[in-house]
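# Tertiary structure, described
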Amino acid sequence: MAASELYTKYARVWIPDTEEVWKSAELTKDYKQGDLVLHLQLEDGTDLEHKLDPKTRNLPHLRNPDILVGENDLTALSYLHEPAVLHNLKVRFIDSKLIYTYCGIVLVAINPYETLPIYGTDIINAYSGQNMGDMDPHIFAVAEEAYKQMARDERNQSIIVSGESGAGKTVSAKYAMRYFATVSGSISEANVEEKVLASNPIMESIGNAKTTRNDNSSRFGKYIEIGFDKKYHIIGANMRTYLLEKSRVVFQADDERNYHIFYQLCASSHLPEFKALKLSSAGDFHYTKQGRNPVIDGVDDAKEMSTTRNAFILLGINESYQMGLFQVLAAILHLGNVDVKDRDSDSSIIPPNNSHLLVFCELMGVAYQDMSHWLCHKKLKTATETYIKPIPKLQAVNARDALAKHIYAKLFNWIVDHVNKALHSSVKQHSFIGVLDIYGFETFEINSFEQFCINYANEKLQQQFNMHVFKLEQEEYMKEQIPWTLIDFYDNQPCINLIEAKMGILDLLDEECRMPKGSDDSWAQKLYNTHLKTCSLFEKPRMSNKAFIIQHFADKVEYQCDGFLEKNKDTVNEEQIHVLKASKFDLLVELFQDEEKAVSPTGVSPAPGGRTRLSIKPDMSKANKSSKEHKKTVGLQFRNSLQLLMETLNATTPHYVRCIKPNDYKLAFTFDPKRAVQQLRACGVLETIRISAAGFPSRWTYQEFFSRYRVLMKQKDVLADKKMTCRNVLEKLVQDPDKYQFGKTKIFFRAGQVAYLEKLRADKLRAACIRIQKTIRCWLARKKYLRMRNAAINIQRHVRGYQARCLAKFLRRTRAAIIIQKYQRMFVARRNYKRKQAAALAMQCILRAYIARQQYKALLREHKAVIIQKMVRGWLARQWYKRSLAAVVYLQCCVRRMRAKRELKKLKIEARSVEHYKKLNIGMENKIMQLQRKVDEQNKDNRSMSERLNGLEVTHAAESERLRRELSRLRCAEEDAKNSMNRVITLQEELERLKTELQKTQKEKMAIEDWAKTYQDEMEKMISELKDQNALLKNEKDDLNRLIQEQGQQWTEKMQRALKEETTQLECDLNEERSRYQNLLTEHLRLEEKYDDLKEEISLSMNVPKPGHRRTDSTHSSNESEYTYNSEFAESEEGPRGREDVTKASLDMALFLKLQKRVTELEQEKQGLQNELDRKEEQFQRARARDDEEHKKARSAELEYESLKRQELESENKKLKHDLNKIRCSLSEGPGATSAAPGLPAYQVVLDQLNTCNEELEVRKEEVLVLRSQLVSQKEAMHKETMTEPLRFVEDVQKLTDAKEISEAYMGLKDTNRLLESQLQCQRRTHESELESLRGELQSVKEDNNRQQQLLAQNLQLPPEARIEASLQHEITRLTNENLVNPTEDAGYNRIKVMQRTIDLMEQLEKQDKTVRKLKKQLKVFAKKITDMEGGQVENVSPGQMADEPIRPVNIPRREKDFQGMLEYKKEDELKLVKNLILELKPRGVAVNLIPGLPAYILFMCLRHADYVNDDQKVRSLLTSIINSIKKILKKRGDDFETVSFWLANTCRFLHCLKQYSGDEQFMKYNSPKQNDHCLSNFDLAEYRQVLSDLAIQIYQQLIKCMENILQPMIVSGMLEHETIQGVSGVKPTGLRKRTSSIADEGTYTLDSIIRQMNSFHSIMCQHGTDPELIKQVVKQQFYIIGAVTLNNLLLRKDMCSWSKGMQIRYNVSQLEEWLRDKNLMVCGAKETLEPLIQAAQLLQVKKKTDEDAEAICSMCNALTTSQIVKVLNLYTPVNAFEERVAVTFIRNIQNRLRDRKQTQQLLLDTKIIYPVTFPFNPSSLALETIQIPGSLNLSFLTRV
């Protein structure tokens, strides 16, 4: 088909665009041959006329079908061109968040500028072992492919990572190395992989810097070779670096930084160890502040410094060397701050005592005067003399910067060398994988020497890449036997010749550097003259004579010639180097020990002028020597290293990773098409596309083509031969035979042919869809019509019936209305009459009441008027009387006053007269005498009165004081009264106010009463309304009650759910705890196996047989159960032994043997100490009964002895600890093999084990301390009691020199002292009394026992009937004698004594019965042995002798048929028992022919006999042998599912037998009476049950691993790839990375294969008698593995995320569920483990458009995490054109809805999880005595008992 025929209406094309590079458009009109214009419509609806080039008439590129957009491999696209590649990358990057895409053999990686969770260990494990095309593109897939090819082809590999700055090269290389380190591991225990990864932070700190394009840009190229041994384990690495950007040390552009290490140093300057460097912030140094942005967002330089230092330590660079490195780096910073000043125009000077130069010289250990002199001077050499000349300031600053760059370059190389030394391995390297992290093609506005070298390296790499791609294409065609035609591809050899050939650019540059007066201008002129006319790739800019243009493979680049010569020379002042070499700083001398003279290639420097300061006569011999030692130019060095790199790459198989920078602004998931296209062109991706498109880019296998395009074939075209069918169909569909070729296994198509076939397929499917739609719509329309017709008839019938019912209803209502009217009218008339009658009666009543009230009021008024008149008249009379009385009194007063006045006047007149005086003087003398006497009397009275007055004054003072107080009180009371009066006045006012308010209130009350009446009427109306509402509320109440009940039920259900969830959580916690414990058991088993392997390796390497050690281990394992064997004890005891054995190869053997001997002696001494302690205690008991004082002395001596012994034990422990520390020191410091170096796994294992031993010793120490404190307490109690020897306790306490021991002993003494005193006194009294009674009873029991033995001996000689008779007779006689001992006792006492003796007799009779049974069994054994011996003797006796002997009567015993279910064996047959029953037993024969669990029953029956004979050593030995033998057989045949299942079943059965016959009530209730008789009688094996439970857990985990190894290869193929429902899913076009075919070929696994394998597992476990509950747990684990592996692969495979694949998965899951139903295992929890897979399949099939769909998805996918849901939606890919992709907005909606979901964001499920296993008790109904031992087991040495 012609290409122009595809340009029809609705075809979509790509047209160029200035903004988006390429823009999509759709044809609105068919293109016809000869048209010059295409009629297009853009995606935004704009119409456009696209004009074709009239010369070429090239049509625009066609767009691929939508189903091909977003493919994993760009070569799978039908149309291979630039816009298709760009669009595919954009869709994957923006919409699907996929950063990796294949492009043939190239992995394109786009930097997301965001941390993605796709590099974890789970992802690494998912990609490990997978084919490169089977998983989605990833850097891990490339790394796995390289690792696999290295192992398969035994050829070295290389991963070439390239891209421009900021594209993510370093990160990609880092992840590749992490993958190798994780997958391969290291052969030694030196953790080489950790060292390889640790080199990254070091190289990043000294070689990476922030640029405008990248915050962590690598400013050098590096090639890391990771070495592997023959087993493909990492053994070491080596690094090569290229073209360090030294100029960055002294100059940084705006918004850039120097190398990270400088900023890390400045950020850590506050640390004590960095004080001597005299650093400060980065803004204080010239070399770190030029970029004006010293901080990177999100980066902590101080923390990075810590990481760098830790990496140095891990690589073996100690602290002293690190400080030396930091000292040199700090000196560089200080050198940059040295200020050079002008002295004149031709010279410069550094001011004296420059602080920074002083620090520089101090740090570098050089003289200040020398360095300051040579920074401002230089030495010029001529043929005859040497001159020292000053230099101007500019040259001095340049010389300073050159020195700083040179020092840093030397330091960089020194670090790289030491990193390589640390990564070097002494083991021979078998192969390697190289990771090349190198700069990509660069072009800037100003390009200089660095860009020239970078682009030159990329030219070489591009040539190698093109040749490799071309070679692969050729190999593919030749393999398929397709006619090979040369493909024209771009060969950049001319460009390489232009650069590196003779008279090339580099050659001319070196030649100009050797010229005495060479310059950039002269070199540019030479370039123009040489290449301008001869080479088309070389051009001269129009406007410049100092630049040139080279046409590179990616683009034209213009280089500025300025600085080329200087950068190529890279010269440094030789005298400055000499000053540094003379340094006292050892590290600096080491840096410059191989330094060549830093002169120009000619050895002569041009003289710029100035005056000569000094002239020196040179040594001619040295001058001749120096003239020959020309320094290699930078260009020459780079060309040589690049040539070496290319030779290395050509000798390896390359793998390409091209890193793309999506935008220049570091925005997450933002795609700039212009920048992307520029990089795609530069990195060779488009060249790969062009080479592929030039041939046959699309390739299908015949099966895939048949499956995909089966719809284009007719039934008659389908033949048995698929190849012929495809050939015939293709010839009909595509007429041009040049468009395809038929290979051996594939069909090859030209570009665009697959799109044409897809178009035909889509048209065919569209036509089929239209036909289906037509038929369906016809059927739907007819169904709709029939439904409408039936509905119309039904409606008519119902309407007519409704009308008839309405008429009948109307008639009934009319009649009823008449009746209602009749009764209504009667009711109204009656009611009116009643109302009128009631009104008349009410009116009469009211009127009569009114008249009566009026009469009553009149009478009341008259009565009150009479009362008022009476009162008024009385009051008037009283008033008249009072006035009259007052008038009379007044008149009397007036009369009496008048009479008094008259009498007074008369008296006054008499007094004035003489006669009056005479009368007065008569008798005056008498009166005077009388008065004198009165005066005397008065004086006496005065004296008495004065005395009284004094008394009264005192009294008055007290009284006045009292009155004063009373006065104050009264005044206060007066104040209170005044206040009260005021308050009373206030209250009166308030009362008046209240009265006023009361009146107002009464008025308001009247108004309110009126209003209340009105309101009452209204309320009555309202009440009637409320009654109606009440009825409604009652209904609502009922509804609410019902709602409350429903809510109560809901709450109840909610609480039940919460309880269930809590129960589930507790179960989860329990399972987690079980899982943690079982994981510890697994780790313990792994360490045991590693210990055994290491011990075997050591024994093999030393060639020394170690039966003694084995015997020690065996003895230890047999004797370690003194307190019962358990796993923890075994681990703690065997761990140190294993660790000792591991380190024997590299340690001092004498020291180790001494340590082992000391441990053995310590154990023996401990055992002896215990035995002696027991013996001493017995002696103490006997001695105490005899002599109490002697007992005290003996006890004191014994305690003293025990104290000394424990001190010796403690000293031995300390010696042992010291020896262990010596071992540790020898491990870390000894000159042994590298396998014992610190940090290695072997060393770590030994160190962990030694630490465990130390902890065990500490525990023993604490136990000894506790015993000591108890002994001291007892000794103090004894001393207090006896008050003798008080000094011994003090001496014993003084022995406790340790403060902690003294405190602990004191506290123990303090707590137990009083208690022991009281207990000791009480125990002594009770013990003495009990001892006496026990002695008497013991004596009587001994006598009784002797009698019983005599009786038993006599009875054994009698027949059975006589035995019973004799026993009864003996007991009757004994009872008679006992009853007749005291005949005088009363009858009651005798009866009580007889009853007691009868009870004792019954008990003794039961004991004797048991004893008799045991003796009978022993007699049978002895009789059998005697019979065998007699039989042997009879054979040697002659018949005559037999005849002479008298025949004695023989008692023939009855044959004993009742077996006890025990098996007897000899001690020496134990090994044979274990060997035949465990080690050499074949499970298949036992499972088919014998009862399940027979070995377990036999072993338990043997154990029962050992318990029966009370042989503890035999029990321990048998159990230890069983456990060790099972472990041994599992280690030997652990990969055989049948063997592991067999011993899992038997171990569980043996464990159940130990429980069933343990004698515990909880287990005995399931037994029969006969089984309860068979219980163990002498030993409690509860702790052994724990050991066997741990062993069963280990076997279960081994079974799961074995099952997983068998199922793992089947799961992906059977569950995902195989097309169970044929025809549902079609095969999409694939690219170069072929995926596994989904068509079931021979050898591929299907779902039936998985089911058959599960049937096999189930039948094997059932045959072996595995417990049903255990089978359920195995099946649950099995289904989890299937679901987890399937889901993980689904999440990592874009081609599997489609609607049809979801249907396939759900069908496969339904088949698995059907299998569960068939096996009755639906309740085992296996189906729940598939829930995530089921939900993922449903997610692929549900609708994914609207918000309702998003809500449904969120509620449906509760078993999937948010990241898993988003990943599936991002990976969802339509297989057919009729499906739609998931919109990005829909995915964002899902993310927003699931934002609050609390769960882990882990993407993949952990396939290594093993559910914790439990072993429910499952008793056996099988009777032990019925078990028969088949002869095939070779156990004839066992005897049934």
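As a reminder, the structure under discussion sits directly above these lines.
Keep in mind that this is a model prediction, so the values were computed, not measured.

### Let's talk about the overall build of the protein
Looking only at helices and strands, the protein has 54 helices and 27 strands in total. Taken over 1841 residues, the protein has a buried fraction of 42%. Relative to all contacts within the protein whose residues are 6 or more apart in sequence, the contacts with residues 24 or more apart total 73%. Summed over all atoms, the accessible surface of the protein reaches about 103000 Å², with 55% contributed by carbon and sulfur.

### Remarks on the side chain of Arg219
Its location among the elements puts Arg219 in the loop between strand 10 (217–218) and strand 11 (221–228). On the basis of relative accessibility, which here comes to 15%, the residue Arg219 falls in the buried class. When residues no more than four places from it in sequence are discounted, the contact partners of Arg219 are Ser165, Gly207, Asn208, Ala209, Thr211, Leu243, Leu244, Glu245, Arg248 and Tyr259.

### Overview of the packing of aromatic side chains
Under the defined criterion, the tally for this structure stands at 39 aromatic pairs. Ring geometry for Phe449 against Phe564: centres 5.6 Å apart, planes inclined by 90°, an arrangement best described as edge-to-face. On the criterion of sequence distance, the pair formed by Phe449 in helix 13 (residues 449–479) and Phe564 in helix 17 (residues 564–569) is long-range, its members being 115 residues apart. Here Phe449 and Phe564 have matching classes, each one buried. Relative to Phe538, the ring of Tyr528 lies with its centre 6.5 Å away and its plane at 55°, an arrangement referred to as tilted. Of this pair, Tyr528 sits in helix 16 (residues 520–531) while Phe538 is found in strand 18 (residues 538–539), placing the two residues 10 residues apart along the sequence. For Phe538, a relative accessible area of 2% corresponds to the buried category. One aromatic cluster in this structure is built from Phe449, Phe452, Trp523, Tyr528, Phe538, Phe548, Tyr559 and Phe564. Over the face of the ring belonging to Phe669 we find Lys97, whose NZ or CZ atom lies 4.4 Å from the ring centre.

### A word on the packing of helix 13 against helix 21 (residues 634–650)
Axis separation between helix 13 and helix 21 bottoms out at 11 Å; the angle between their running directions is 20°. Considering their axes alone, helix 13 and helix 21 lie roughly parallel with respect to each other. Our pair here, helix 13 against helix 21, has a crossing hand that is right-handed. On helix 21, the residues touching Phe449, Cys453, Tyr456, Ala457, Lys460, Leu461 and Gln464 of helix 13 are Val634, Gly635, Phe638, Arg639, Leu642, Gln643, Met646, Leu649 and Asn650. When grouped by side-chain class, the residues that make up the contact of helix 13 with helix 21 number 10 nonpolar, 4 polar and 2 charged.

### A look at the pairing of strand 19 (residues 547–551)
Burial analysis of strand 19 places 4 of its 5 residues in the buried class, the great majority of the element. Inspection of the sheet shows strand 18 paired to strand 19 by 2 bridges, in the antiparallel sense. Paired with Glu539 across the two strands is Ile549, which belongs to strand 19. Pairing of strand 19 with strand 20 (residues 556–560) involves 5 bridges; the strand directions are antiparallel. Note that in strand 20 the partner of Ile550 across the bridge is Val557.

### Thoughts on helix 13
Under the 1.5 Å per step criterion, the end-to-end length of helix 13 is 45 Å for 31 residues, consistent within 8% with the ideal 45 Å. Looking one or two places after helix 13, you find Gln481, whose phi comes out positive at around 60°.

### Some points on the side chain of Asn492
Within the secondary structure, Asn492 sits in the loop between helix 13 and helix 14 (493–500). Classification of Asn492 by relative accessible area gives buried; the value is 0%. Those residues within four positions of Asn492 in sequence are excluded, and the remaining contacts are Glu459, Gln462 and Gln463.

### Some remarks on a nonpolar patch on the surface
On the surface, Ile772, Ile776, Trp779 and Leu780 cluster together into a nonpolar patch covering about 410 Å² of accessible area. For Ile772, the position within the fold is in helix 26 (residues 753–912).

### Considerations on the pattern of salt bridges
Under the defined criterion, the tally for this structure stands at 53 salt bridges. Residue Glu204 pairs with Lys174 through a salt bridge whose shortest N-O separation is 3.0 Å. Here Glu204, found in helix 5 (residues 192–207), pairs with Lys174, found in helix 4 (residues 169–184); they are 30 residues apart in sequence, far enough to count as distant. Using a relative accessible area of 15% as the deciding quantity, one classes Glu204 as buried. Here Arg969 makes a salt bridge to Glu966, at a shortest N to O gap of 1.8 Å. Of the two residues, Arg969 and Glu966 are both situated in helix 28 (residues 924–1102); the distance of 3 residues between them amounts to about one turn of the helix. Under the relative-accessibility criterion, Arg969 is labelled partly exposed at 45%. Residue Glu966 is classed as partly exposed on the basis of its relative accessible area of 26%.

How each quantity is defined
- One numbering rule holds for all chains: residues counted from 1, following each sequence as written.
- Reporting in this predicted model follows two pLDDT cut-offs: at least 70 for local features of residues, and 80 or more for side-chain atom pairs to be given and counted; totals over whole chains, interfaces and linings ignore these cut-offs and use all residues.
- Values shown for side chains rest on all heavy atoms present in the structure; no hydrogens or waters enter the calculation.
- Put simply, DSSP H or I for four residues or longer makes a helix, DSSP E for two residues or longer makes a strand, and each gets a number counted from the N terminus.
- Throughout this description, buried means an accessible area under 20% of the type-specific maximum (1.4 Å probe, protein chains only), exposed means over 50%, and partly exposed covers the range between.
- Throughout, a contact is declared for two residues whenever any of their heavy atoms are within 4.5 Å.
- Each accessible area value is a Shrake-Rupley result obtained with a 1.4 Å probe; residue values ignore everything except the protein chains displayed when judging cover.
- Here the aromatic set is Phe, Tyr and Trp, taking the six-membered ring for Trp, and pairing holds for ring centres within 6.5 Å; pairs whose planes are under 30 degrees apart are stacked, those over 60 apart are edge-to-face, and all others are tilted.
- Lysine NZ or arginine CZ positioned within 6 Å of the ring centre and within 35 degrees of the ring normal marks a charge as sitting over the ring.
- Axis geometry follows a simple rule: fit a line to the C-alpha atoms, using only the stretch in contact for helices, then measure angles between N-to-C directions, giving values from 0 to 180 degrees.
- When an angle is under 35 degrees it counts as roughly parallel; over 145 it counts as roughly antiparallel; between 65 and 115 it counts as roughly perpendicular; any other value is oblique.
- Less than a right angle of anticlockwise turn of the near helix away from the far helix marks a crossing as left-handed, whereas a clockwise turn marks it as right-handed.
- Charged residues are taken to be Asp, Glu, Lys and Arg, nonpolar residues to be Ala, Val, Leu, Ile, Met, Phe, Trp, Tyr, Cys and Pro, and polar residues to be all remaining types, Gly included.
- Paired strands, as defined in this entry, are two strands with at least two bridges between them according to DSSP.
- Residue count minus one, scaled by 1.5 Å, sets the expected span of a helix.
- Surface patches are defined over residues having more than 30% relative accessible area and no salt bridge, joining like charges when they lie within 9 Å and nonpolar side chains (Val, Leu, Ile, Met, Phe, Trp, Tyr) when within 5 Å.
- Each reported salt bridge corresponds to a side-chain nitrogen of Lys or Arg within 4 Å of a carboxyl oxygen of Asp or Glu.

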